[in-house]
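# Chain and residue survey
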Amino acid sequence: MTPTRPRYARIRQLVDELLTASGTRSAPVPVEKIAARMGAEIVFRDFDENVSGVLVRSDTAPVIGVATNQSVERQRFTIAHELGHLALHEGREVHVDKLFRINLRSPSSSRAEDVQEIEANAFAASLLMPQLFLHRDIASIELDFEDPSRILPLAQKYGVSVQAMTFRLLNLFGSSERA
Ligand SMILES: [Zn+2]
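In this text, all values refer to a predicted model and were calculated from it rather than measured experimentally. (Residues numbered from 1 in each chain as written. Predicted model: local features only at pLDDT ≥ 70, side-chain atom pairs only at ≥ 80, totals over all residues. Heavy atoms only, no water.)

### Digging into the overall build of the chain
What counts is decided by this rule: Working definition: helices are DSSP H or I runs of at least four residues, strands are E runs of at least two. Numbering for both runs from the N terminus. For every residue, the accessible area obtained with a 1.4 Å probe (protein chains only) is divided by the maximum for its type, and the residue is called buried under 20%, exposed over 50%, and partly exposed between those limits. Residues are treated as being in contact if the distance between any of their heavy atoms lies within 4.5 Å. Shrake-Rupley sampling with a 1.4 Å probe provides the accessible areas, and residues are treated as covered by the protein chains on show and by no other component.
Helix and strand content of the chain: eight helices and four strands. Its helices and strands in sequence order give the chain the pattern α-α-β-β-β-α-β-α-α-α-α-α, from N to C terminus. Counting all 179 residues of the chain, 48% fall into the buried class. When contacts within the chain are restricted to residue pairs at least 6 apart in sequence, those whose partners lie at least 24 apart make up 63%. Put simply, the chain shows about 9,700 Å² of open surface, and 51% of that area lies on carbon and sulfur atoms.

### Description of the packing of helix 6 (residues 131-138) against helix 7 (residues 148-158)
Between two packed helices, both the angle of their axes relative to each other and the distance between the axes serve to describe the pair. Defined as follows: Helix axes are fitted to C-alpha atoms over the stretch in contact, other axes to C-alpha atoms as well, and angles between N-to-C directions run from 0 to 180 degrees. What sets the label is the angle itself: under 35 degrees gives roughly parallel, over 145 gives roughly antiparallel, 65 to 115 gives roughly perpendicular, and the rest give oblique. It is the rotation of the near helix from the far one that decides the hand of a crossing: anticlockwise by less than a right angle makes it left-handed, clockwise makes it right-handed.
Their axes nearest at 12 Å, the elements helix 6 and helix 7 cross at an angle of 140 degrees. Here helix 6 lies oblique to helix 7, going by the angle between them. Here the hand of the crossing between helix 6 and helix 7 comes out right-handed. Counting all contacts with helix 6, which are made through F133, L134, D137 and I138, the residues of helix 7 involved are L154, K157 and Y158.

### Comments concerning the coordination of the zinc ion
The condition that has to hold: Water is absent from the atoms considered, so a metal site may look incomplete; donors are defined as N, O and S atoms within 2.8 Å of the metal, or 3.2 Å for Na, K and Ca.
Within the protein, the zinc ion binds to H81 (NE2), H85 (NE2), D97 (OD), D97 (OD) and E117 (OE); these donor distances fall in the range 1.9 to 2.5 Å. All donor residues of the zinc ion come from one chain, and their arrangement in sequence is H-x3-H-x11-D-x19-E. Of this pair, H81 sits in helix 3 (residues 72-88) while E117 sits in helix 5 (residues 112-128), and the two are 36 residues apart along the sequence. Residue class for H81 comes out buried when judged on its relative accessible area of 0%.

### Thoughts on the pattern of salt bridges
We count it as follows: Salt bridge, as used here, is a side-chain nitrogen of Lys or Arg placed within 4 Å of a carboxyl oxygen of Asp or Glu.
The tally for this structure, following the rule as stated, stands at two salt bridges. Ionic pairing is found between E119 and R7, a salt bridge with its closest N-O pair at 2.7 Å. Of this pair, E119 sits in helix 5 while R7 sits in the segment before helix 1 (8-21), placing them 112 residues apart in sequence. Judged by relative accessible area, which is 0%, E119 ranks as buried. R7 gets classed as partly exposed once you look at its relative accessible area, which sits at 27%.

### Structural notes on the sheet that holds strand 3 (residues 63-67)
Applied cut-off: Strand pairing is defined by DSSP finding a minimum of two bridges between the two strands.
What the four strands build is an open sheet, ordered 1-3-2-4; its pairing is mixed. One side of each edge strand has no neighbouring strand; the edge strands of this open sheet are strand 1 (41-45) and strand 4 (94-98). If you compare each strand with its neighbour and ignore which way they point, the axes differ by 15 degrees on average. The sheet contact formed by strand 2 (residues 51-56) and strand 3 spans four bridges and is antiparallel. Within strand 3, the position partnered with L55 by the bridge is I64.

### Focus on a nonpolar patch on the surface
Formally: Within this analysis, patches are made of residues with over 30% relative accessible area and no salt bridge. Like charges are joined at 9 Å or less; nonpolar side chains (Val, Leu, Ile, Met, Phe, Trp, Tyr) at 5 Å or less.
Taken together, the side chains of V56, V94 and V96 make up a nonpolar region of the molecular surface, amounting to roughly 190 Å² of accessible area. Relative to the elements of secondary structure, V94 occurs in strand 4.

On their own, these measurements won't tell you what the molecule is for.
Shown next as structure tokens:
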């Protein structure tokens, strides 16, 4: 069954279970270890320049292909994104993610395929930047979303891009900060 809107509560619950089961209590989240726990094999490959990652499902273990031409931070996000598809979506045997799709952020879209991408991105952001960890880590610093140099150390600690961390922080804390 294809959801018509992103299931954020289910995503949070799944991520909490994965973090607990893997004994992950602080950043950086060991995304490759978690993939192994989920039975997925990770391979790094040279893909077409527009492809960020693929998820291949067969009778044997699922395989996540990660494009080598991305930064390590993007590779971690790609792995987490494909794990999101694996955990949330029944699927076609081969799922290919292009860079523009992985950047998809519009929550207003209701196309089934877009909802799946939004869910996979939400899963990846929740897994790599758990809300609980961020609450703890930002308690001691003064956040300034306009200043990338304040975000950089946090992004480095979590092994994510500054862009991904900025978006996550705005998502979690943006509205209350502005109030
Ligand atoms: Zn995807």
